[in-house]
Amino acid sequence: MASAARMSAPALMVTLAVLALVAGGRAQLQYGFYKGKCNASDVEAVVQSLVKARFAREAAIVAYLLRLQFHECAVNGCDGSLLIDGPGTEKTAPPNLSVKGYDLIATIKAELEKKCPGVVSCSDIEILATRDAVALAGGPPYAVRTGRRDRRQSRAYDVKLPGADYTAAQAVAYYTRLGMNAYDTVVLLGAHTVGATHCSAIKNSRLYGYGGKPGATDPGMDPATASVYKRYVCPNVSSSDGNTVFLDDQWSAVKVDNHYYRNLQLRRGVLSVDQNLYNDGSTRWIVDQLASNAGLFQSQFARVLVKLSEVNVLTGTQGEIRKVCSKFN
Ligand code: HEM
């Protein structure tokens, strides 16, 4: 290859442009990637103000967005592929049918398209909006890097999400594939500090059919809690399947705090996978540590959400910047 010193100016410029393009395909996420790229608008401020307005009307948005980030990033990475509408897309896979919050991502995208068309990716909007909702719900403020791009593929059969009855070992094995360890796994499940599940997720496995025995209740569940669920929340009739159960106590259901871990110590975890983190000796110490140290949970929760937000991202010239989050360009 000719040395730069011996190249003509036009040849040098072409070479540099080609090198920039090649590097662009492998570009890194950056803090403040959108600074100065959206005319006079501050992209992160626009996202934050729309999340704030929604949170004021519906605090449960924090739970919707946290779950959305998980279901997005765990399947082929944080690439916006969960947002695509249409037959056979990720959104149509059974675990995603109860994911909410798509409308807020669409609203933010529409607003940003007005301010600077074709600049801000849907995948970045998901990560920024979740970050802002977590802080509004009393969770840790944290910085996220941006510059993600949206994947031009979304397939329901790629959706392999963990089961509500996973053992601790199964949960850890699942997250290991995403680059996490046992500690990260226990911290990530702390997202169940907010939001709710449906009775259908616990009726057979915990309340009325534990271990495959008709009528048996999970002995690992605090008996007083089990009896409240059985009497009032999830009675043994099929019409109760859609009733909701808060994953953390009702008063703490929209608050990002370490109360979830204290509940596990009291055997009041709702999903088996939650309670199993305490029942299993190899993860119990992590639950104990996080339950006794609110500040530690906050800093660790921020760390794992950032880690999750960077799983298998597309950057540079990969993928696309969608015009509408629910459709490929
Ligand atoms: C082994 C791992 C996990 C399992 C088995 C699991 C399972 C579940 C299930 C079954 C529900 C209830 C869904 C419904 O009934 O509609 C749920 C809700 C939820 N999950 Fe997870 N989850 C896991 C990890 C995570 C992670 C890593 C996050 C986020 C970082 C997360 C955030 C949430 C939130 C916030 C809700 C409440 C959603 C709402 O109220 O709309 N989960 N999860």
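Per chain, residues are indexed from 1 in the order of the written sequence. It should be noted that, the model being predicted, local features are given only for residues of pLDDT at least 70 and side-chain atom pairs only at 80 or more, the latter also being counted only at that level, while totals for whole chains, interfaces and linings use all residues. Side-chain metrics rest on all non-hydrogen atoms present in the structure, leaving aside hydrogens and water.

1. A few points about the site of the ligand
The cutoff for a nearby residue is simple: one of its non-hydrogen atoms must lie within 4 Å of the molecule or strand. Around the ligand, the structure places 22 residues, and the nearest of them are G163, H192, A196, T197 and H198. A 3.5 Å cut-off defines polar contacts: any pair of N or O atoms within that distance qualifies, except that in protein one atom must be a possible hydrogen donor and the other a possible acceptor, and neighbouring residues in sequence count only when both atoms are side-chain atoms. Contact between the ligand and T197: an oxygen atom at 3.0 Å from a side-chain N or O atom of the residue. Put simply, the parts of the chain that give the shell around the ligand at least two residues each are α3 (61-73) and β3 (196-198). Elements are defined by DSSP. Helices are runs of H or I of four residues or more, strands are runs of E of two residues or more, and each kind is numbered from the N terminus. It is α3 that contributes the most residues to the shell around the ligand, five residues altogether. Class assignment of the residues belonging to the shell around the ligand gives a composition of 15 nonpolar, six polar and one charged. Summarising the domain contributions, the shell around the ligand has at least three residues from each of domain 1 (30-161) and domain 2 (168-307). Residues are grouped as follows: nonpolar covers Ala, Val, Leu, Ile, Met, Phe, Trp, Tyr, Cys and Pro; charged covers Asp, Glu, Lys and Arg; every other residue, Gly included, is treated as polar. All domain edges in this entry derive from an automatic or database-based domain assignment.

2. Concerning the coordination of the iron atom of the ligand
For Na, K and Ca the donor cut-off is 3.2 Å; for every other metal, N, O and S atoms count as donors within 2.8 Å. Water does not enter the count, which can leave sites looking incomplete. Of all protein atoms, just one serves as a donor to the iron atom of the ligand, and that atom is H192 (NE2), at 2.1 Å. Looking at where H192 falls in the secondary structure, it is placed in the loop between α7 (182-188) and β3.

3. Thoughts on helix α12 (residues 281-291)
Exposure categories follow from relative accessible area, calculated using a 1.4 Å probe and restricted to protein chains: below 20% of the type maximum is buried, above 50% is exposed, and the middle band is partly exposed. Taken residue by residue, α12 has T283, I286, V287, L290 and A291 as its buried positions. Within α12, the buried residues cover an arc of 130° as seen down the axis, which keeps them to one side. The contact criterion used is simple: two residues touch if any of their non-hydrogen atoms lie within 4.5 Å. Check the buried side of α12 and you find it contacts α6 (168-176), α7, α10 (259-265), α11 (272-279) and α13 (294-309). What the arc measures is the spread of directions leading from the helix axis to the C-beta atoms.

4. Overview of the domain arrangement of the chain
Partitioning the chain into structural domains gives domain 1 (30-161) and domain 2 (168-307). Placing the centre of domain 1 and that of domain 2 at their C-alpha centroids yields a distance of 25 Å. On the domain 2 side, the residues contacting the 18 residues of domain 1 number 14 residues. When domain 1 packs against domain 2, the two sides together hide about 1,300 Å² of surface, and 72% of this comes from carbon and sulfur. When the area that domain 1 buries against domain 2 is broken down by residue, the three leading residues are L66, P140 and Y142, summing to 33%. Salt bridges are defined by distance alone: a side-chain nitrogen of Lys or Arg within 4 Å of a carboxyl oxygen of Asp or Glu. The interface formed by domain 1 and domain 2 contains zero salt bridges. The leading source of residues in the side of domain 1 that touches domain 2 is α3, at five residues. Simply put, the buried area is the total loss of 1.4 Å probe accessible area from both parts when two parts are fitted together.

5. Section: the packing of aromatic side chains
To pair, rings of Phe, Tyr and Trp, with the six-membered ring standing in for Trp, must have centres within 6.5 Å; the planes then decide the type, stacked if under 30 degrees apart, edge-to-face if over 60, and tilted in the middle. Throughout the structure, instances matching the rule amount to seven aromatic pairs. Ring plane angle 35° and centroid distance 5.8 Å describe the contact between F70 and Y175, whose orientation is recorded as tilted. Of the two residues, F70 sits in helix α3 while Y175 sits in helix α6, which places them 105 residues apart along the sequence. Grouping residues by exposure puts F70 and Y175 together as buried. Here Y261 and F297 contribute two aromatic rings whose centre-to-centre distance is 5.5 Å and whose plane-to-plane angle is 65°, an arrangement assigned as edge-to-face. You can see Y261 sitting in helix α10 and its partner F297 sitting in helix α13, a full 36 residues away along the chain. Of the two residues examined, Y261 and F297, each falls in the buried class. Among the aromatic residues, ring-to-ring pairing joins Y260, Y261, F297 and F301 into one connected group. Over the face of the ring belonging to F33 we find K37, whose NZ or CZ atom lies 3.6 Å from the ring centre. Should the NZ of a Lys or the CZ of an Arg lie within 6 Å of a ring centre and within 35 degrees of the ring normal, that charge is described as sitting over the ring. The side chain of R284 reaches across the aromatic face of Y278, ending 4.4 Å from its centre.

6. Digging into the nonpolar core
The biggest cluster of nonpolar side chains holds 89 residues, and the ones touching the most others in it are V62, Y261 and F301. In terms of residue count, the dominant contributor to this core is α3 (nine residues). Counting the residues that make up this core, at least three belong to each of domain 1 (30-161) and domain 2 (168-307). Filtering out sequence-adjacent residues up to four positions away, Y261 remains in contact with V186, V187, L189, G190, V287, L290, A291 and F297. Here, the term nonpolar core denotes a set of buried Ala, Val, Leu, Ile, Met, Phe, Trp, Tyr and Cys residues that are joined through side-chain atoms within 4.5 Å.

7. Some thoughts on the state of the cysteines
We call a pair of cysteine sulfur atoms a disulfide whenever their separation is within 2.5 Å. Applying the stated criterion across every chain yields a total of four disulfides. For C38, the disulfide goes to C116, at an S-S distance of 2.0 Å. Its S-S torsion of approximately -90° makes the covalent link between C38 and C116 left-handed. Here C38, found in the loop between β1 (30-31) and α2 (43-57), pairs with C116, found in the loop between α4 (102-115) and α5 (122-136); they are 78 residues apart in sequence, far enough to count as distant. Accessibility assignment for this pair places C38 and C116 in one class, buried. Each sulfur in the disulfide pair C122 and C325 lies 2.2 Å from the other. Note on the C122 and C325 pair: the S-S dihedral is about -95°, so by sign convention the disulfide is left-handed.

8. Considerations on the UniProt feature "binding site: Ca(2+) 1" (unreviewed entry) in the chain
Per the UniProt record, "binding site: Ca(2+) 1" (unreviewed entry) is found at V75, G77, D79, S81 and E90. Spanning 16 residues, the named residues form one tight spatial group whose C-alpha atoms are at most 12.3 Å apart. Along the chain, D79 falls in the loop between α3 and α4. Judged by relative accessible area, D79 falls into the buried class, the value being 0%. Polar contacts involving the side chain of D79 include one to the side chain of S81, which spans 2.6 Å. In this structure E90 comes out as buried when scored by relative accessible area, which is 0%. Setting aside residues up to four positions removed in sequence, E90 forms contacts with E72, V75, N76, S81, L82, N96, S154, R155, A156 and V159. Among the polar contacts made by the side chain of E90, one reaches the side chain of S81 at a distance of 2.7 Å. UniProt positions are given in the numbering used here, feature names are shortened, and annotations may be inferred rather than shown by experiment.

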